[in-house]
Amino acid sequence: MTTLYDALLAYGKSDVYPFHMPGHKRQVEDFENPFLIDITEIDGFDNLHHPEGILKEAQERAAEVYGSRSTYFLVNGSTCGILSAVSALVRPGGEIGLARNCHKASYHACYLGDLVIHSLYPQWEPKFGINGGILPEDVEKLLKDYPKTQAVLITSPTYDGAVSDMKRIAEICHAHGIPLIVDEAHGAHLGFCPYFPESALKLGADVVIQSFHKTLPSFTQTAVLHVSKSARVDEDRIRRFLGIYQSSSPSYIFMAAMDRCVEFLKNEGKERFEAFAARLEDFYAFIRGLERIRIPGYEIRGDYGIFDFDRSKILLVPDAHGGEWLAEELRKKDHLELEMAAGGYGLALTSVMDTEEGFERLRKALNRIDGELADEEAACVGRVGAGVESALDRRSRSVGYDGVVHNEIVVSLREAYDGEKETVPLKESEGRISGEFLYLYPPGIPLLMPGERISRDVLGRVAFFQGEGLSIQGLRDYRAEFIDVLKKGR
């Protein structure tokens, strides 16, 4: 029997290079044995839920480095920060403007508060097959159409690196007298180097949630919630809900790691981020020589709501096959592990801790694969007179995929989630009202949520994703063959 510890140890000692989270990339070697410093709230070590000493000072240092009014350590990840922010800023039964591509934690917050959701739909970027940004004019329209909206929540940057025009969106929200919450879980590194986009914290957002562990040298599950200096929020309510959603036994190992991370940013950040930017720039110069693997860079900015683009997220789009195939090639032949594989692309997450050796291994692997794809296409053209259909073309042809889910909301999220249900085969559920969430994971964005009518479009997408070997989650049936729907007549 192989234990989880044994498996983790073997993976850590292998030559597999991690182009995935966490952002420390296994490069932090001077952190003490965690068992030696694993304590509880004893004298001299403060209390996260009532900080007056060493933890208060640590969070104040973080606020100084990030330029916030207040920064709160999160030991339950960005999830608890999103839950706390939504609960604090939108009263029970209230209305919220929510980007459809927000993480499932945002929807869980809406369920807990029995909130009315007004969806903001991201644009669809067809060339590379990713969700783009949220248009400021769509935010303006939503707030005019639904004047009782109490807050807006947007994800920027997205899992793929798309950044919305946060300055303009913040201005629109404030003109309507409401706060802007930004899920910046994938952007804790923003603002430390001009090579990367600016953080929403400095562009007018009121509450910004960031995951240290995604892009910085810190342990998985470590995150922060920032309240901006000009925030239009009741900070007492935020602290109250952090006390509800955070563990009452916060890990001192996690908090120490966040404090160390802040010191890293303060003392070494400028130099290390400049070196990181140089590595990325060298990599993007290299990929211009590839013929069959496309990798978007700055040219993706300006259209489809993509105000800016975080190039630390490397999207690998092969002209043939798909993301799962590419990830498997890199895993088996080159011992490189990607963060995620979608239908048409793979995602390599990089961070300030990536090494030159890691980038060089990725360059060599992509150069090999690009040559093999070129040979394959030439052989295919010679046999049948046509090229190899791309995964993006196959997706568009098979399900009319435009990247955006527009489902009809029939009943409220809470009413559907808590309602009387029956189980039916997923393939035969068209027209029924979903009683469950259905996610493509990662990154955890819902294709379907409770209370929405199940459409042929959604079922087509699910069938395609399953055919591509992608993970469909959220359903009680882990095999995603059955779904719970509201009983007829309910």
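Note: the structure precedes this text.
This report concerns the structure included in the present document. Being a predicted model, the structure only gives us computed values, none of them experimental.

### A look at the overall build of the protein chain
Move 1: Each helix and strand in the protein chain was counted, giving 14 helices and 22 strands.
Move 2: Taken over C-alpha atoms, the radius of gyration comes to 23 Å for the protein chain, in line with the 23 Å a tight globule of 490 residues would show.
Move 3: Once local pairs closer than 6 in sequence are excluded, the contacts in the protein chain between residues at least 24 apart make up 73%.
Move 4: In the form shown here, the protein chain has an accessible surface area of approximately 21000 Å², with 50% of it arising from carbon and sulfur atoms.

### Concerning the pattern of salt bridges
Move 1: One pass over the full model with this rule turns up 39 salt bridges.
Move 2: Across the pair Asp484 and Arg476 runs a salt bridge whose closest N-O atoms are separated by 2.9 Å.
Move 3: Each of Glu329, Lys333, Asp334, Arg368 and Glu372 takes part in one network of salt bridges that share partners.

### Some words on the pairing of strand S9 (residues 180-183)
Move 1: Neither face of S9 is exposed, since Leu180 and Val182 on one face and Ile181 and Asp183 on the opposite face are all buried.
Move 2: Two elements, strand S7 (residues 149-155) and S9, share 4 bridges in a ladder whose sense is parallel. Residue Leu153 lies in a different strand from S9, and its bridge partner there is Ile181.
Move 3: As defined by bridge partners, S9 adjoins strand S10 (residues 207-211) across 3 bridges and the pair is classed as parallel. Within S10, the residue paired with Asp183 across the bridge is Ile209.

### Quick look at the nonpolar core
Move 1: In terms of nonpolar packing, the biggest core is built from 111 residues, with Ile154 and Leu180 touching the most fellow members.
Move 2: At 15 residues, helix H9 (residues 252-287) tops the list of elements feeding residues into this core.
Move 3: The contacts of Ile154, once residues within four sequence positions are left out, are Ala99, Cys102, Leu120, Ile134, Val139, Met166, Ile169, Leu180, Ile181, Val182 and Asp183.
Move 4: With 18 residues, the next largest nonpolar core counts Val424, Leu438, Val462 and Ile472 among its residues.

### Description of the side chain of Thr155
Move 1: In this structure, Thr155 sits in strand S7.
Move 2: Given a relative accessible area of 9%, Thr155 falls into the buried group.
Move 3: With near-sequence residues (within four places) excluded, Thr155 lies in contact with Ala99, Asn101, Cys102, His103 and Asp183.

### Quick word on helix H6 (residues 166-175)
Move 1: Of the positions making up H6, those classed as buried are Met166, Ile169, Ala170, Ile172, Cys173 and His174.
Move 2: The secondary structure elements touched by the buried residues of H6 are helix H5 (136-145), S7 and S9.
Move 3: Positive backbone phi, approximately 75°, marks Gly177, located one or two places after H6.

### A closer look at the side chain of Glu95
Move 1: Topologically, Glu95 is positioned in strand S3 (residues 95-99).
Move 2: In this structure the side chain of Glu95 is engaged in a polar contact, spanning 2.7 Å, whose partner is the side chain of His118.
Move 3: Aside from chain neighbours lying at most four places away, what touches Glu95 is Val90, Val116, His118, Tyr146, Lys148, Thr149, Gln150 and Ala151.

### Things to note about the packing of helix H3 (residues 77-89) against helix H8 (residues 235-245)
Move 1: Relative orientation of the contacting elements H3 and H8 amounts to 135°, with a least axis distance of 8 Å. As the angle between them shows, H3 and H8 are arranged oblique. The handedness of the crossing between H3 and H8 is right-handed. Two secondary-structure elements touch here, H3 through Cys80, Leu83, Ser84, Ser87 and Ala88 and H8 through Arg237, Ile238, Phe241, Leu242 and Tyr245.
Move 2: Counted by class, the contact of H3 with H8 contains 7 nonpolar, 2 polar and 1 charged residues.

### Details of the environment of Leu290
Move 1: With respect to the secondary-structure elements, Leu290 resides in the loop between H9 and strand S12 (293-294).
Move 2: Take Leu290: its relative accessible area is 11%, and that puts it in the buried class.
Move 3: Considering only alpha carbons, one finds Leu290 and Ile369, 79 residues apart in sequence, at a separation of 9.6 Å.
Move 4: With near-sequence residues (within four places) excluded, Leu290 lies in contact with Leu366, Asn367 and Asp370.

### A word on the sheet that holds S3
Each strand in a sheet pairs with another by means of backbone hydrogen bonds, the pair being arranged parallel or else antiparallel.
Move 1: Taken in spatial order, the 7 strands line up as S2-S11-S10-S9-S7-S3-S4 in an open sheet, and their pairing is mixed. In this open sheet, the two edge strands, each paired with only one partner strand, are strand S2 (70-74) and strand S4 (116-120). Between one strand axis and the next, the sheet turns through 20° on average, direction left out of account.
Move 2: Inspection of the sheet shows S2 paired to strand S11 (residues 223-227) by 5 bridges, in the antiparallel sense. The residue of S11 that forms the bridge with Ser70 is Val227.
Move 3: Sheet contacts for H3: S2, S3, S7, S9, S10 and S11; angle to S10, the most-contacted strand, approximately 165°.
Move 4: Packed onto the sheet, H5 meets S3, S4 and S7 and runs at close to 150° relative to S4.

Cut-offs and rules
- Residues numbered from 1 in each chain as written.
- Predicted model: local features only at pLDDT ≥ 70, side-chain atom pairs only at ≥ 80, totals over all residues.
- Heavy atoms only, no water.
- Helix = DSSP H or I, 4+ residues; strand = E, 2+ residues; numbered from the N terminus.
- Rg over C-alpha atoms; globule rule 2.2 N^0.38 Å.
- Contact = heavy atoms within 4.5 Å.
- Areas by Shrake-Rupley, 256 points an atom, 1.4 Å probe, with all protein chains shown as cover.
- Salt bridge = Lys/Arg side-chain N within 4 Å of Asp/Glu carboxyl O.
- Buried < 20%, exposed > 50% of the residue type's maximum accessible area, 1.4 Å probe, protein only.
- Pairing = 2+ DSSP bridges.
- Core = buried A, V, L, I, M, F, W, Y, C linked by side-chain atoms within 4.5 Å.
- Polar contact = N/O pair within 3.5 Å; in protein donor to acceptor, adjacent residues only side chain to side chain.
- Axes fitted to C-alpha atoms, helices over the stretch in contact; angles between N-to-C directions.
- Parallel < 35°, antiparallel > 145°, perpendicular 65-115°, else oblique.
- Left-handed = near helix turned anticlockwise from the far one by under 90°.
- Nonpolar A, V, L, I, M, F, W, Y, C, P; charged D, E, K, R; others polar.

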